[in-house]
Number of protein chains: 2
Amino acid sequence: MTRKIIFFVYPEFELLDLSGPCSAFNLVNELYGGHYEFSVVSATGGAILDRAGLSIATEKLGKVGDYDTVVAVGGPTAHVYGLNALTKAFFAESALRGMRVVSVCNGAFLLAAAGLLDGRRATTHWRYAGLLQSHYPKVLVDIDRIFIKQGNIWTAAGLTAGIDLALMLIEDDFGSSVAKCVAKDWWFTTAVWAVNRNFRPSWTSRQLPVG
Amino acid sequence: MTRKIIFFVYPEFELLDLSGPCSAFNLVNELYGGHYEFSVVSATGGAILDRAGLSIATEKLGKVGDYDTVVAVGGPTAHVYGLNALTKAFFAESALRGMRVVSVCNGAFLLAAAGLLDGRRATTHWRYAGLLQSHYPKVLVDIDRIFIKQGNIWTAAGLTAGIDLALMLIEDDFGSSVAKCVAKDWWFTTAVWAVNRNFRPSWTSRQLPVG
């Protein structure tokens, strides 16, 4: 089964929001017989600089439906990024046609701007939650979740939460046992780092994720 | 204080090994008054495709000493990547001149190929540990560590362990409190994902990291 994943980026995007999920999908390809294909797209096409100034090649946003999943990545400019009409329509029509439409971190602002989160529960990076709620009052913002699935619209919390969301998508595509194998391949180490420093990660006070 | 970080990549490199640490450094820049600068370099320069086929722009490996830290990223081709004489000399001279020379995941093979790990303790991705040991018998391979610092040579375990190592570098540069602030900004969620699925991550059976 081939699954085509499209990552939508824009100037100053957060590369980790793309590479984290992509790395998880790759492990499925290389070790567990999956066939994920990837494209990085932008409104303009061409080279796009991430927030660190690294340059990544992108294709211009193509036609709707040529993929299974579209991922809106986050970045320090996500909340002020002005989606043009074509991009808004791309996200909206993708959702309407039942593609999986996903945001990582404050990429939720892009989904909200396309009207996809109105009346839906959604999560984002904790630092942007208040801003998302005030800009888009119809969204049911919930930051006590690592990710939230509402039909075919999936939102993830900040940064590495995109990896968790990818694991959920893998579970959706290939079942729980493959997703667990991928998880095992990683070092779950930011938690360990924190523990070793007597530092209490924010998630310890939060509820565990629900779909 | 400006710190220049160079990431060394090659065809089919793992983008997460670059973007994970880069994301952590960026947070220091944007929130805590740091001045990390980044370059992505390769032996050839030009566009390099990562393991997922994404294209990132690189500069050709420049002169030794024009940076503070050089990071050898991992990837499925790292253990068979043939470093040319110039690249070997670049790593070796960087180490000799006291730059921080770092590997993430199986990027340790590059450091080993440059002779930097002989007689030193080093770690890598658990799946590559046996291969590293058999190819480079003088290396003291230890996979019960998330990262290992031996003088100015730092090695990290697989994938997200690069983020932990970045936190250590940040601690080295800006102190523990800044590193903790960066850690707090992340969702430490792969562990949560695992717990929620009654899945025991590999690190629970391992020792906590030491420097």
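Residues numbered from 1 in each chain as written. Chains lettered and ligands numbered in written order. Predicted model: local features only at pLDDT ≥ 70, side-chain atom pairs only at ≥ 80, totals over all residues.

Structural notes on helix 5 (residues 161–174) of chain A
All names here are of chain A. This is how the line gets drawn: Helical segments are the DSSP runs of H or I of at least four residues, strand segments are the runs of E of at least two, and each set is numbered from the N terminus. A helix is expected to span 1.5 Å multiplied by its residue count minus one. Comment: burial labels come from other C-beta atoms within 10 Å of the residue's own C-beta, placed from the backbone, where a count of 20 or more is buried, 12 or fewer is exposed, and between is partly exposed.
Here helix 5 spans 20 Å end to end across 14 residues, near enough to the 20 Å set by a 1.5 Å rise per residue. Those residues of helix 5 that fall on the buried side of the exposure criterion are Ala-161, Gly-162, Ile-163, Asp-164, Leu-165, Ala-166, Leu-167, Leu-169 and Ile-170. Within two residues after helix 5, Gly-175 carries a phi angle of roughly 95°, on the positive side.

Examining the confidence of the model for chain A
All names here are of chain A. In plain terms, the rule: Values of pLDDT, ranging from 0 to 100, describe the predictor's confidence in every residue of the model. Think of it this way: build a C-beta for each residue from its backbone, and any pair within 7 Å is a contact.
The share of residues in chain A with pLDDT of 70 or more is 87%, and the mean pLDDT across the chain is 86. Low pLDDT, under 50, characterises residues 187–211; the predicted model gives this stretch 65 contacts beyond four residues in sequence or across chains. Across the interfaces of the predicted complex, the ipTM metric reaches 0.82, alongside a pTM of 0.86.

Notes on the environment of Ser55(B)
Following the sequence through the fold, Ser55(B) ends up in strand 4 (residues 55–60). In sequence terms Ser55(B) and Pro11(B) are 44 residues apart; their C-alpha atoms lie 9.7 Å from each other. With sequence-adjacent residues up to four places away left out, Ser55(B) is seen in contact with Ile56(A), Ala57(A), Ala47(B) and Leu49(B).

Considerations on the environment of Phe90(A)
Residues and elements named next belong to chain A. Here Phe-90 is to be found in helix 2 (residues 85–96). Spatially, the C-alpha atoms of Phe-90 and Phe-38 are 17 Å apart, while their sequence positions differ by 52 residues. In contact with Phe-90, other than residues within four places in its own chain, are Leu-61 and Val-64.

Looking at helix 1 (residues 15–31) of chain A
All names here are of chain A. With 17 residues, helix 1 ought to run about 24 Å at 1.5 Å a step, and its terminal C-alpha atoms sit 24 Å apart, in line with that. With 14 of its 17 residues buried, helix 1 lies for the most part within the structure. One or two positions beyond helix 1, positive phi appears at Gly-33, with a value near 70°.

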